[in-house]
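Overview (structure and organization)
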Amino acid sequence: MLKKLFKSFRSPLRRGKHPHSTPEVLNSSQHPINRGEISRYAISVVERLQHAGYQAYLVGGCVRDLLLDIDPKDFDVATSATPEQVRAEFRNARVIGRRFKLVHVHFGREIIEVATFRANHPEGDEEENSNLSSRNESGRILRDNVYGSLENDAQRRDFTINALYYDPATERILDYANGVHDIRNHLIRLIGDPTQRYQEDPVRMLRAVRFAAKLDFDIEKHSAAPIYKLAPMLRDIPSARLFDEVLKLFLAGYAVYTYELLVDYGLFGQLFPASAAALKHNPDYTDCLIRNALANTDLRIQQGKTVTPAFLFAALLWPALPARVIKLQERGLPAIPAMQEAAQQLISEQCQLIAVPKRFTLPIREIWDMQERLPRRSGKRSDLLLENPRFRAGYDFLLLRESAGEETGGLGDWWTDYQDASDSERRGMIRDLSSQDDSAAPRKRRRSGSKRKRAPGASGAPKPAAGE
Ligand code: ATP
Ligand code: MG
């Protein structure tokens, strides 16, 4: 919600989409930010740089969020000082990044990120002594390491609402791209020509969606229009960067809405092609399972609980498993190895696009394996499963599958009861199982010659959609 004062402020009428060389200046009575809301470390970094004779401002997400009365995640500083000059001013500063150098100034656990003003690489402008072009053939910017003026810096930023500069000394905001106007009107608008700006960096399409979901803003129509067509450009983005972006998309507390926007703009299928195929073949189950997983993630974040990317990826990919399991079974693989192989294939294909680190892919496999094991509860198996460090995630995942309508014969309820039961009650539950339900018994060896295939649903994987 905008603050009262800000609501009454009349924004400038200029609406050109190109940034101005002279900014609109808002003095302290024209905007609602007060210094007290800002990290004192961020202010001290800015003041220190200014005293040393450099230009320095708070910039980007923190100014935007303060105007919207949202607690900024972090505070970024933009300055005319080079990284080396910044480092020379602070004892607690470290230069990070090789290509795009930044300085991190450390204050205990708080880090203030300081970036030197940068300029866009003009098209066709190649650095001396380099045979690398700054853009590839589709216009993507490959290098972004040219320092520039404050005006240049505003121009190379992505959205108008992210190009606001706040000077804590004068308490003035500099607005080069009518960002204040767009904040007031709840609009995500690219600076400059949208198609060109997406081509320069296709990740901006994901950022547009992320900010639209986080701030509950609309993507302005010219900025929205090219996304669907340009979405395939995401395929060229390094997989490690996409992993970071996907986490930001789904771990910001607005994952359900973000997912809807990603699907609407044709971005989801570029990130998760196998899941998008499952959405086509088995729409109700897939959509419901993904939504429920994301809603649960949002809730946990709201409650300050941890969320593991492994669970998230396990859920996003799970509906894509059955089609693959069946294909492998048709080629003669028995159910369990088919499931294992399908999981392996699916994860490695996904990692080509989004580099999910091993520390998460292993737990994904374990959560899925657990789905095979949870139905098999006889003898000591149940107690052993309970002790398995992955039990909780596996059990939660089982409940998620059930919440999306998967039929498991009441397995989730059984495990819920079992966890609460006393030792003797547990023994009773196991006895009851073996007398009434042969699925609970250890898997019988199939008579030789039996060609019956186990349906993936029975082995833990979701039932394939009709017609798959
Ligand atoms: P938040 O940190 O709340 O997610 P933010 O706007 O601070 O939002 P960051 O990713 O921290 O986002 O980036 C800081 C600033 O750097 C942005 O506000 C924007 O001005 C600029 N920026 C970041 N990524 C890009 C990009 N791909 N293209 C152009 N400018 C960018
Ligand atoms: Mg930020």
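Just so it is clear, the structure is predicted and the values come from calculations on it, not from any experiment.

Now for the overall build of the protein. When you go through the protein residue by residue, the secondary structure sums to 23 helices and 10 strands. Counting only residues that meet the buried cut, the protein has 50% of its 468 residues in that class. Taking all contacts inside the protein whose residues are at least 6 apart in sequence as the whole, residues at least 24 apart take part in 69%. For the protein, the computed accessible surface area is about 22900 Å², with 47% contributed by carbon and sulfur atoms.

Moving on: the site of ligand 1. Taken together, 16 residues lie around ligand 1, and R64, D201, R204, R207 and R210 are the ones closest in. Here an oxygen atom of ligand 1 and a backbone polar atom of G61 are 3.3 Å apart. Within the contact set of ligand 1, an oxygen atom lies 2.9 Å away from a side-chain nitrogen or oxygen of R157. Protein chains shield 84% of the accessible area of ligand 1, which is 590 Å² for the free molecule. Taking a 2 Å distance to the grid points as the criterion, the majority of the atoms of ligand 1 fall inside the largest pocket. Among the secondary structure elements, those contributing two or more residues to the shell around ligand 1 are α3 (61-67) and α8 (203-215). If you tally residues by element for the shell around ligand 1, the top one is α8, at 5 residues. Of the residues that constitute the shell around ligand 1, the class distribution is 1 nonpolar, 3 polar and 12 charged.

Spatial ordering of the open sheet is given by β1-β8-β7-β2-β3-β6-β5-β4, a layout of 8 strands whose pairing is mixed. One side of each edge strand has no neighbouring strand; the edge strands of this open sheet are β1 (24-26) and β4 (93-96). The mean angle between the axes of side-by-side strands here comes to 30 degrees, regardless of whether they run parallel or antiparallel. Examined bridge by bridge, strand β7 (residues 164-167) and strand β8 (residues 172-175) share 4 bridges and lie antiparallel to one another. Across the sheet, the residue bridging to Y166 is I173, located in β8.

So, about unusual backbone geometry. A negative phi angle characterises most non-glycine residues, just as the trans form characterises most peptide bonds. Phi angles above zero are rare outside glycine, and D69 is one such case at about 65 degrees. The class of D69 is partly exposed, set by a relative accessible area of 47%. The phi dihedral of E171 is positive, around 60 degrees, even though this residue is not glycine. Of note, E171 is situated in the loop between β7 and β8.

Now for the side chain of E406. By secondary structure assignment, the location of E406 is in the loop between α21 (391-403) and α22 (411-420). Relative accessible area serves as the criterion here: at 9%, E406 is assigned to the buried category. Here the side chain of E406 touches Y285 through a polar contact of 2.4 Å, side chain to side chain. Within polar-contact distance, the side chain of E406 engages the side chain of R401 at 2.8 Å.

Those residues of α22 lying buried are L411, G412, W414, W415 and Y418. Around the axis of α22, the buried residues are gathered within 160 degrees of arc, so they sit on the same side. What points out from α22, more than 90 degrees from its buried face, is the exposed set D413 and D420.

Here the protein averages 88 in pLDDT, and 84% of its residues register 70 or above. pLDDT under 50 marks residues 1-5. Its contacts with residues more than four places away, or in other chains, come to 14 contacts. The model gives residues 463-468 a pLDDT under 50, and that stretch makes 11 contacts with residues more than four places away or in other chains.

What follows deals with the layout of surface pockets. Counted as a void, the largest pocket has a volume near 1600 Å³. Lining the largest pocket we find 44 residues, and of these F100, E113, R207, R241 and K248 sit closest to its centre. At the level of secondary structure, the elements contributing two or more residues to the lining of the largest pocket comprise α3, β3 (76-79), β5 (102-107), β6 (110-116), α8 and α11 (239-250). Considering every element that reaches the lining of the largest pocket, the biggest residue donor is α8, with 6 residues. Of the residues contributing to the lining of the largest pocket, the split by class is 17 nonpolar, 5 polar and 22 charged. Both domains that meet at the lining of the largest pocket, namely domain 1 (1-235) and domain 2 (238-434), each give it at least three residues.

Criteria and thresholds
- Residues numbered from 1 in each chain as written.
- Chains lettered and ligands numbered in written order.
- Predicted model: local features only at pLDDT ≥ 70, side-chain atom pairs only at ≥ 80, totals over all residues.
- Heavy atoms only, no water.
- Helix = DSSP H or I, 4+ residues; strand = E, 2+ residues; numbered from the N terminus.
- Buried < 20%, exposed > 50% of the residue type's maximum accessible area, 1.4 Å probe, protein only.
- Contact = heavy atoms within 4.5 Å.
- Areas by Shrake-Rupley, 256 points an atom, 1.4 Å probe, with all protein chains shown as cover.
- Near = heavy atom within 4 Å.
- Polar contact = N/O pair within 3.5 Å; in protein donor to acceptor, adjacent residues only side chain to side chain.
- 1 Å grid on protein atoms, 1.4 Å probe; cavity = no way out; pocket = protein on both sides within 12 Å on 5 of 7 lines; lining within 4 Å.
- Sits in = over half its atoms within 2 Å of the grid points.
- Nonpolar A, V, L, I, M, F, W, Y, C, P; charged D, E, K, R; others polar.
- Pairing = 2+ DSSP bridges.
- Axes fitted to C-alpha atoms, helices over the stretch in contact; angles between N-to-C directions.
- Arc of directions from axis to C-beta.
- pLDDT = per-residue confidence, 0-100.
- Points joined across faces, edges and corners; volume = space filled by probe spheres on them.
- Domains from an automatic or database assignment.

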